[in-house]
Amino acid sequence: MTSADPLRNQTLMLFAGLGVVLLVASGIGLALKWRIGFGTPHATIDNLNARIKSWWLLIAVIGGAIAIGKTGTVVLFGFASMLALREFVTISPTRRGDHKALLMAFAVVLPAQYLLVWIEWYGMFTILIPVYAFLFLPIISAL
Amino acid sequence: MAAWTRVVSSRATGLGISAFARLVTGVQPRWIGCGPSLTQRIYLANHTSHGDFVLIWSSMPPTLRARTRPVAGSDYWDRGRMRRFIIQDVFNAVLIDREAGAGQGDPIGAMRAALDEGSSLILFPEGTRNTTDEVLLPLKSGIYHLARQRPDVELVPVWIENLNRVLPKGEVIPVPLLCRVSFGAPMRLGESQSKADFLDALRTAMLSLGRSIDPVEP
């Protein structure tokens, strides 16, 4: 486990550094808000504080996933991919006949891809989507 | 079924359906013309899929949800234990007879009774699911008669986007896509407004909600 130790140390130091930066940022946000009064709405300061809060959430989620290990990170990225794919398909011009192909993209291709990442079959997960998905999904669409 | 198991299972089913709808569609409610208040209202929405009232329902805060009842056609929903359980116990819908001839059954009366009890309603003025390529089917006159009889109730046009792509006609499994539910400014029926004028104004309000891209959020 000696090779894992410096990596673990570096990761911990990274998150510690991020924590410090966020604490400073939160402190500044709090001070700004205190100066104008906690009850007073102020567009820029409220926006800043909201953004700092979302950074805390982001760091917490990513940190938690890394702490769980490989599975946590793969699940997190798989979920994020699902959200991104959903946004992409929403703004793409699709037709009624594409329904089954879209279903397969979400329910089959996406989990398969991340399963392959999880078992670290590099050769397959690099070509699954560009070769197999791009070949079979249009065929399903046309059927 | 004992009364309490019915209540618990209907609550759980409702939460489950609502959570599933929000997970699949990531639904964003846009309260453009009004806010989620407890005023008695009739929400008038476009109808493209069975998920429509689930989506409107899920867009409302829980206090509002408890007092809002969808209006559904008994010809479709009053069959089989599963459908009856969903439509009556889970959603507490007002069932109306869509095929009633003149003098038979009283769909307006059923809706009026629900309003008199204090509930708000969710109504689909197209009368049926729109599975054609048209944006909005011609509106049925039921809402005009109901508004005539209860002129104090606010009428809120609602537009649901994208749901027809999530679950098109004939499909069973929904595709995850982002949907939006937009709530427009409330309207009322004018004292001397004719049926044609009123339905026209309602149609225009719903269509312009559907076309609005970047509203100023209240």
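Residues numbered from 1 in each chain as written. Chains lettered and ligands numbered in written order. Predicted model: local features only at pLDDT ≥ 70, side-chain atom pairs only at ≥ 80, totals over all residues. Heavy atoms only, no water.

Re the overall build of chain A
Of the regular secondary structure elements, chain A holds 5 helices and 0 strands. Along the chain direction, N to C, the helices and strands of chain A fall in the order α-α-α-α-α. Here the C-alpha radius of gyration of chain A, 22 Å, is well above what a compact globule of 143 residues would show, namely 15 Å. The dimensions of chain A, computed from C-alpha atoms along their principal axes, are 65 × 50 × 15 Å. (Helix = DSSP H or I, 4+ residues; strand = E, 2+ residues; numbered from the N terminus. Rg over C-alpha atoms; globule rule 2.2 N^0.38 Å.)

A look at the nonpolar core
Tyr43(B), Leu55(B), Ile56(B), Val158(B), Val181(B) and Phe183(B) are the most contacted members of the largest nonpolar core, which totals 42 residues. If you look at the next biggest cluster of nonpolar residues, it comprises 28 residues, including Leu44(B), Ile108(B), Leu121(B) and Leu155(B). (Core = buried A, V, L, I, M, F, W, Y, C linked by side-chain atoms within 4.5 Å. Buried < 20%, exposed > 50% of the residue type's maximum accessible area, 1.4 Å probe, protein only.)

What about the packing of helix H6 (residues 107-116) of chain B against helix H7 (residues 142-149) of chain B?
Axes are the key here: two packed helices are described by the angle between their axes and the distance separating the axes. All names here are of chain B. For the pair H6 and H7, the least separation of the axes is 10 Å and the interaxial angle reads 45°. It follows from the interaxial angle that H6 and H7 lie oblique. Our pair here, H6 against H7, has a crossing hand that is right-handed. Two secondary-structure elements touch here, H6 through Ile-108, Met-111, Arg-112 and Leu-115 and H7 through Gly-142, His-145, Leu-146 and Gln-149. Of the residues belonging to the contact of H6 with H7, the class tally is 4 nonpolar, 3 polar and 1 charged. (Axes fitted to C-alpha atoms, helices over the stretch in contact; angles between N-to-C directions. Parallel < 35°, antiparallel > 145°, perpendicular 65-115°, else oblique. Left-handed = near helix turned anticlockwise from the far one by under 90°. Contact = heavy atoms within 4.5 Å. Nonpolar A, V, L, I, M, F, W, Y, C, P; charged D, E, K, R; others polar.)

Focus on the sheet that holds strand S4 (residues 94-96) of chain B
Residue and element names in this part refer to chain B. With respect to topology, 7 strands assemble into an open sheet ordered S1-S7-S6-S2-S5-S3-S4, the strand pairing being mixed. In this open sheet, the two edge strands, each paired with only one partner strand, are strand S1 (28-31) and S4. Averaged over all pairs of adjacent strands, the angle between their axes in this sheet comes to 25°, without regard to strand direction. The sheet contact formed by strand S3 (residues 68-73) and S4 spans 3 bridges and is parallel. Residue pairing in the sheet places Ala-72 in a bridge with Leu-95 of S4. In the packing of helix H2 (residues 52-59) onto the sheet, the strands contacted are S1, strand S2 (41-45), S3, strand S5 (120-123), strand S6 (154-161) and strand S7 (180-183), and the crossing angle to S7 comes to about 70°. Across the sheet, H7 is in contact with S2, S5 and S6; its angle to S2 comes to roughly 165°. (Pairing = 2+ DSSP bridges.)

A look at the interface of chain B and chain A
Facing the 19 residues of chain B at the interface are 12 residues of chain A. In this assembly, chain B packs against chain A so that about 1300 Å² is buried in total across both faces, 61% of it on carbon and sulfur atoms. Where chain B meets chain A, there are 1 salt bridge. For Lys100(A), the salt bridge goes to Glu171(B), with nearest N and O atoms at 3.8 Å. In this assembly, chain B and chain A are joined by 8 residue pairs in polar contact (both at pLDDT 80 or more). Contributing elements (two or more residues each) for the side of chain B that touches chain A: helix H1 (3-25) and helix H8 (163-166) of chain B. In terms of residue count, the dominant contributor to the side of chain B that touches chain A is H1(B) (4 residues). Taken together, the residues of the side of chain B that touches chain A break down into 11 nonpolar, 4 polar and 4 charged. (Buried area = accessible area lost by both parts, 1.4 Å probe. Salt bridge = Lys/Arg side-chain N within 4 Å of Asp/Glu carboxyl O. Polar contact = N/O pair within 3.5 Å; in protein donor to acceptor, adjacent residues only side chain to side chain.)

Considerations on the packing of aromatic side chains
Residue and element names in this part refer to chain B. For the structure on display, the rule yields 9 aromatic pairs over all chains. On the numbers, 3.8 Å between centres and 5° between planes, the contact of Trp-31 with Phe-183 is stacked. Of this pair, Trp-31 sits in strand S1 while Phe-183 sits in strand S7, and the two are 152 residues apart along the sequence. As far as the burial class goes, Trp-31 and Phe-183 line up, both buried. Judged by centre distance (4.8 Å) and plane angle (75°), the rings of Trp-57 and Phe-91 are edge-to-face. (Phe/Tyr/Trp six-rings, centres within 6.5 Å; stacked < 30°, edge-to-face > 60°.)

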